[in-house]
Amino acid sequence: MSLPIFLLWLVSIPFLAHSSPSQPRGTLVSCGSSTKQSIPDTSLSYIPDDGFINVGNKTTLESNDLLPILSTLRYFPQKSARKYCYTFQVIRGGKYLVRTIYFYGGFDGGKQPPVFDQIIGGTKWSVVNTTEDYANGMSSYYEIIIGAHAKTLSVCVARSNQTAANSSPFISAIEVLSLEDSMYNSTDFRTEALVAVARSAFGNEDSISVLSFEPSFPDDPYYRLWQPFTDKNEVVSTQTIVSSSDFWNKPPEKAFSKAIAAGVGKKLEIQWPSGSLQSTRYYVSLYFQDNRAASANSWRVFSVAVNGKTFYNNLNVSTGGVTIYSVEWPLSGPTKITLSPDAKSSAGPLINAGEVYQILPFGRRTLAKDVAVMEELARNLDNPPLDWVGDPCLPQENSWTGVSCSVKDTVARIISLDLTNAGISGTLPLTIDNLSALHHLWLGGNKFSGSIPEMNSLLKLETLHLENNNFTGEIPQSLGKLPSLREVLLQNNNLEGSVPEQLAAKQGLKLQVSPGNHLSK
């Protein structure tokens, strides 16, 4: 989706007091900024991104006319990292709208924006391709509605095979906005997410959102963007006001102020969303309100079809408004919505607004116990790899550096950790014993210190390489009890005591403990 670049002269009109946007419930982040960014003529403010990410470079675009949140960005030239992640504190089980905003601005001296992936949690969300929008003088945004599976939520960008070798992923702003439990509650957010395809207010010529910076349009209470949509059909205005709270999805009242309509006895046809849709399942929600004054003897009844297939029969639209929706509706290619009036209806069909979201499977994630271990290990390291943020295993092509995983059904498990000669310093947490699916642990050639934890639960561990570090203390007795262990390298540390008898006597085991330790026979 695209947005105007928002030159400052576009926002110089003073806001009316009743329509000045207020700060939404959530977190608004200006990427690459070192100071708080305020949106002119509003009470909106975006905080710097330093507390949410520890990788990437900041830059400021040269133009002096850009809206503050588009004047800075963070870009990621570090090619060794498999992904670059922001981490947000959320409420587990909560529902959130996440919006990412991009404006290239030629920050790297090029003429065409880079193309790359964006990831949320452990799921690839979409490809970021802002080329067309940028060529038309527009910024771009992407939206997704998700449920929080943990107390933190990661939003990442990553290189892909579409990313040019000499270019870097970047991002201008991120918004993580809290939604009410009732909103979009027909979707099972434990296993699915909703990727925004279109959200339109029919008959309106201006966006219904704070980002349009038009004083005549109040903001959506949940900071959603409602794009204008008009065509050759007649536009009518309403004579009554609806209450947003009467609808599960809580569309703004302004979305009902106008509608596209047809005359009595005539069909209404619209091509919406614009463009061609990928063949898959979609969440579709349509909003209607009779624009006339209420009357006991006046009916507005029609049926709704999408691409010739009945969506809803004999819809009776009142002045109080009504919503119809489908949780899983198949769409492919161009989309045509047809409203056919009932023969006895005293008024023709009309439509006020609509939302379409692509349904994205969102259930895959790394086992929480494995994630907790890896996060503690990352905290114990003085210089962890740059991409050790977000889900350690997923997406699989963007797993953490040195981490290999297996994925069965919806759960991923860590099976290998290889940081050989990575220049890492720090200690191993006792919880390393919780990586019960681990087959290989290779940390040789670093500067690890402290003791080697017991590993009673690592029953699948086959190889343990801890050589050429600064480990101290004794060799854990538990190593001799691991049934799958076939190779242990511990030389060139500062270990003391003796080799556990059960480990030394293990048949078929390759064991190397010297030189460099202080072990007795």
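A quick note: this is a predicted structure, and the numbers were derived from the prediction, not measured.

Draft legend 1. How the structure looks around the overall build of the chain. Each helix and strand counted, the chain has four helices and 38 strands in total. Considered along the principal axes of its C-alpha atoms, the chain spans approximately 100 × 50 × 35 Å. With 521 residues in all, the chain has 54% of them scored as buried. Here the contacts in the chain between residues at least 6 apart in sequence split such that 68% fall between residues at least 24 apart. In the structure as shown, the chain presents an accessible area of about 22100 Å², 48% of it carried by carbon and sulfur atoms. Considering the chain, the positive charge centre built from 42 side chains and the negative charge centre built from 46 side chains are found 5 Å apart.

Draft legend 2. Layout of the sheet that holds strand β7 (residues 84-89). Taken in spatial order, the four strands make up an open sheet running β7-β12-β9-β10, and their pairing is antiparallel. Each edge of the open sheet is held by one strand with a lone partner, namely β7 and β10 (123-128). Direction aside, neighbouring strands of the sheet carry axes that sit 20° apart on average. Relative to strand β12 (residues 152-158), β7 is paired through six bridges, and the arrangement is antiparallel. Bridge pairing links C85 to C156 in β12.

Draft legend 3. Representation of the pattern of salt bridges. Summed over all chains, the structure comprises 17 salt bridges. Residues E175 and R99 are paired through a salt bridge, measuring 2.2 Å at the closest nitrogen-oxygen approach. In this pair, E175 sits in strand β14 (residues 173-179) while R99 sits in strand β8 (residues 95-102), placing the two residues 76 residues apart along the sequence. Taking the relative accessible area as the measure of exposure, E175 reaches 0% and is therefore buried. Between E355 and R199 there is a salt bridge, with its nearest N and O atoms 3.2 Å apart. Residue E355 is located in strand β26 (residues 353-361), and its partner R199 is located in strand β15 (residues 192-202); the two are separated by 156 residues in the primary sequence. Using a relative accessible area of 0% as the deciding quantity, one classes E355 as buried. Taken together, the shared-partner salt bridges in this structure form one network comprising R99, E143, E175, R199 and E355.

Draft legend 4. Highlighting the state of the cysteines. This structure, assessed with the given rule, holds two disulfides. A sulfur-sulfur separation of 2.2 Å characterises the disulfide bridge that pairs C85 with C156. The sign of the S-S torsion, about 100°, decides the handedness of the disulfide formed by C85 and C156: right-handed. Taken as a pair, C85 in strand β7 and C156 in strand β12 lie far apart in primary sequence, 71 residues in all.

Draft legend 5. Broad picture of the packing of aromatic side chains. Tallied over the entire structure, the rule returns 28 aromatic pairs. Centroid distance Y102 to F116: 5.8 Å. Interplanar angle 65°. Geometry classified as edge-to-face. Taken as a pair, Y102 in strand β8 and F116 in strand β9 (residues 116-120) lie far apart in primary sequence, 14 residues in all. Looking at Y102, the relative accessible area reads 1%, which means it is buried. Members of the aromatic cluster, each reached through a chain of ring pairs, are Y75, Y102, F103, Y104, F107, F116, Y134, Y142 and F170. Above the face of the W226 ring, R199 is positioned so that its terminal group lies 5.9 Å from the ring centre. Its end group placed over the ring of W329, K309 keeps NZ or CZ at 5.1 Å from the ring centre.

Draft legend 6. Quick peek at the environment of E132. When you line up the elements, E132 lands in helix α2 (residues 131-135). In this structure the C-alpha to C-alpha distance between E132 and Q112, which are 20 residues apart in sequence, comes to 9.4 Å.

Draft legend 7. Region of interest: the environment of A193. Take A193: it is sitting in strand β15. Each C-alpha atom, one on A193 and one on P113, is 27 Å from the other, the two residues being 80 residues apart in sequence. When neighbours within four sequence positions are excluded, A193 is seen to be in contact with I144, I145, I146, Q358, I359, L360 and F362.

Draft legend 8. Layout of the pairing of β12. Most of β12 is tucked away: six of the seven residues are buried. Pairing of β9 with β12, which is carried by four bridges, proceeds in the antiparallel orientation. Its bridge partner lying in β12, Q118 is registered against V157.

Draft legend 9. Region of interest: the nonpolar core. One finds Y86, V98, I120, I144 and Y184 to be the most contacted residues of the largest nonpolar core, which totals 64 residues. Beyond its immediate sequence surroundings of up to four residues, Y86 is in contact with C31, D49, F52, I53, R74, F76, L153, S154, V155, I171 and I174. Ranked by size, the runner-up nonpolar core spans 40 residues in total, among them W400, I424, I432 and L485.

Draft legend 10. Region of interest: the confidence of the model for the chain. Looking at the chain as a whole, its pLDDT mean stands at 91, while 93% of the residues score no less than 70. Note on residues 210-218: pLDDT under 50 across the span, and 33 contacts to partners over four residues away in sequence or across chains.

Draft legend 11. Looking closely at the side chain of T366. Turning to its location among the elements, T366 is positioned in strand β27 (residues 365-366). Among the polar contacts listed, one links the side chain of T366 to the side chain of D391, at a separation of 2.4 Å. Once you skip the residues sitting within four places of it in the chain, T366 turns out to touch V371, D391, P392, C393, L394 and A412.

What counts, and at which threshold
- Residues numbered from 1 in each chain as written.
- Predicted model: local features only at pLDDT ≥ 70, side-chain atom pairs only at ≥ 80, totals over all residues.
- Heavy atoms only, no water.
- Helix = DSSP H or I, 4+ residues; strand = E, 2+ residues; numbered from the N terminus.
- Buried < 20%, exposed > 50% of the residue type's maximum accessible area, 1.4 Å probe, protein only.
- Contact = heavy atoms within 4.5 Å.
- Areas by Shrake-Rupley, 256 points an atom, 1.4 Å probe, with all protein chains shown as cover.
- Lys, Arg positive; Asp, Glu negative; His and termini not counted.
- Charge placed at Lys NZ, Arg CZ, Asp CG, Glu CD.
- Pairing = 2+ DSSP bridges.
- Axes fitted to C-alpha atoms, helices over the stretch in contact; angles between N-to-C directions.
- Salt bridge = Lys/Arg side-chain N within 4 Å of Asp/Glu carboxyl O.
- Disulfide = S-S within 2.5 Å.
- Phe/Tyr/Trp six-rings, centres within 6.5 Å; stacked < 30°, edge-to-face > 60°.
- Lys NZ or Arg CZ within 6 Å of the ring centre and 35° of its normal.
- Core = buried A, V, L, I, M, F, W, Y, C linked by side-chain atoms within 4.5 Å.
- pLDDT = per-residue confidence, 0-100.
- Polar contact = N/O pair within 3.5 Å; in protein donor to acceptor, adjacent residues only side chain to side chain.

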